[in-house]
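Remarks on the overall topology
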Amino acid sequence: MYKVAAIGGDGIGPEIVDAGKVVLDAAGEKYGFDIDWTDFDIGADRYLETGELLTEEDLKALDAFKSIYFGSIGDDRVRPGILEKGILLGLRFHFDQYINLRPVRMLAGTRTPLAGKGPDDINFLVVRENTEDFYVGIGSRFKGKEHRDLEVIRDIYSIKFGLDVESDSEEIAYQIGVISREGSARVMEYAFDAAMKRNHKVASVDKANVLSDVYGLWRDVFTETAARYPEVTTEFTFVDAITMWFVKNPEWFDVVVAPNMFGDIITDLGAMIQGGLGLAPGGNINPKGTSLFEPIHGSAPKYKGMNRANPIATIWAGSLLLDDLGEPEAAAGVLAAIEQSIAAKQTTVDLGGSLGTREAGAWIADAVRNG
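Just so it is clear, the structure is predicted and the values come from calculations on it, not from any experiment.

Some thoughts on the environment of Leu88
Tracing the sequence through the fold places Leu88 in helix 4 (residues 82-94). Taking relative accessible area as the criterion, Leu88 reaches 12% and is therefore assigned buried. Leu88 sits 16 residues away from Ser72 along the chain, and the two C-alpha atoms are 9.0 Å apart. If near-sequence neighbours (up to four positions away) are discounted, Leu88 is found in contact with Phe70, Leu83, Leu292 and Glu294.

What to know about the environment of Tyr69
With respect to the helices and strands, Tyr69 occurs in strand 3 (residues 67-72). Since its relative accessible area comes to 0%, Tyr69 is described here as buried. There is a polar contact of 2.6 Å between the side chain of Tyr69 and the backbone oxygen of Thr314.

Some thoughts on the nonpolar core
Ranked by size, the top nonpolar core spans 77 residues in total, and within it Phe246, Val256, Ile266, Leu322, Val334 and Ile338 carry the most contacts. Not counting the four nearest positions on each side in its chain, Leu322 is found in contact with Leu24, Ala27, Phe33, Ile35, Glu327, Ala330, Ala331 and Val334. Ranked by size, the runner-up nonpolar core spans 19 residues in total, among them Ile7, Ile42, Leu83 and Phe95.

Focus on the pairing of strand 2 (residues 35-39)
Sheet topology note: the strand 1 (residues 2-9)/strand 2 ladder contains five bridges and is parallel. Bridged to Val4 within strand 2 is Trp37. In this fold, strand 1 hands off to helix 1 (residues 13-31), which returns the chain to strand 2; that crossover is right-handed.

A short note on a nonpolar patch on the surface
Side chains of Ile138, Ile176 and Val178 sit close together on the surface and give an oily, nonpolar patch of about 210 Å² of accessible area. Tracing the backbone shows Ile138 in strand 6 (residues 133-142). Here Ile138 falls in the partly exposed class, since its relative accessible area comes to 39%.

Here's the deal with helix 4
Two residues of an α-helix separated by three or four positions point the same way, owing to the 3.6 residues in each turn. Taking 1.5 Å of rise per residue, 13 residues should cover 18 Å, and helix 4 covers 17 Å from first to last C-alpha, within 8% of that figure. Listed as buried for helix 4 are Leu83, Ile87, Leu88, Leu89, Leu91 and Arg92. Of the residues flanking the end of helix 4, it is Asp96, one or two places downstream, whose phi is positive at about 50°.

Comments concerning the pattern of salt bridges
Scanning all chains against the criterion turns up 17 salt bridges. As a salt-bridge pair, Arg228 and Glu189 come within 2.9 Å of each other at their nearest N and O atoms. Here the residue Arg228 occupies a position in the loop between helix 8 (212-226) and strand 9 (233-238), and Glu189 occupies one in helix 7 (residues 181-196), the gap between them amounting to 39 residues. For Glu189, a relative accessible area of 31% translates into the label partly exposed. What you see here is one network of salt bridges that share partners, running through Asp45, Asp75, Arg77 and Lys304.

Definitions and cut-offs
- Residues numbered from 1 in each chain as written.
- Predicted model: local features only at pLDDT ≥ 70, side-chain atom pairs only at ≥ 80, totals over all residues.
- Heavy atoms only, no water.
- Helix = DSSP H or I, 4+ residues; strand = E, 2+ residues; numbered from the N terminus.
- Buried < 20%, exposed > 50% of the residue type's maximum accessible area, 1.4 Å probe, protein only.
- Contact = heavy atoms within 4.5 Å.
- Polar contact = N/O pair within 3.5 Å; in protein donor to acceptor, adjacent residues only side chain to side chain.
- Core = buried A, V, L, I, M, F, W, Y, C linked by side-chain atoms within 4.5 Å.
- Pairing = 2+ DSSP bridges.
- Right-handed = clockwise from strand over helix to strand, strands pointing away.
- Patch = residues over 30% accessible without salt bridge, like charges linked within 9 Å, V, L, I, M, F, W, Y side chains within 5 Å.
- Areas by Shrake-Rupley, 256 points an atom, 1.4 Å probe, with all protein chains shown as cover.
- Salt bridge = Lys/Arg side-chain N within 4 Å of Asp/Glu carboxyl O.
- Expected span 1.5 Å × (residues − 1).

Right under this line is the structure:
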């Protein structure tokens, strides 16, 4: 029996998570295990009613689970950033989910905007550092003499631009990126271990030619880690260059390891070349703790409750969840059933079918049982 927490969240989130639950329960029937689901009411509705985002009681209860199945976050009634930082980033940091795992794989039957490319060409893994870099939340905006860090900012602007902050600049904002040796090392070890199970290639992403201090450390740690994996071929790639190569030669890549912000950006590009956001899952992983699995698309509030949302990214995220629980055969069975649904056009409208969210989930669940 696996205990799994479920957070539907906002917009289409509850619908796609419900569809995913049906598929994962079918996998349990097929492969001989049970899932004990516990639902948590965390999201915009509760925030608007009570002002609560992620409470100590929520976190204490979630501590009892190895896996969290997550729908989506974001609501037009709430200013952007409040729910995302207060809930999703709050969960990632509390559980130290330092790996963001994004498979970029074109499934049979899907379409890519890349001319001449197919499933054999688009099949790589992006391992994104998930708790450091520019997402640590250190920064501010200020005017004139308002800010405690004014002396530091004044020195920077005086040296770089010849400006007096108090008299020459109307308003200033700053954000600080932080990378640690320990944080870099653990995500790189995960990436190299993943490459050892695949095709023995790792590409590192950075912008060390401009941000030489923060990403210089990233490069140092990558080089040190690579020395412990002589079987793995490695390369450095600037983030602007890798966006080009993802489009031109996606078949070149096996495992890509990236700092937090760059990983966030390039995986959205990866999602589009694999067929769209509706097909893109993600895992926020602590290998020794609680991990969270989700689709990488948004909450699409205009489609809330309409039974129109594509559940495949969420179901694929469920496959990642099963693999993390130690059920690789079931995980593979779910992914095979997704491919069957796409080939048979038993999908939502965006993938050429005519099914609703619930019906698409039910079809995939039956395919898992009959697989």
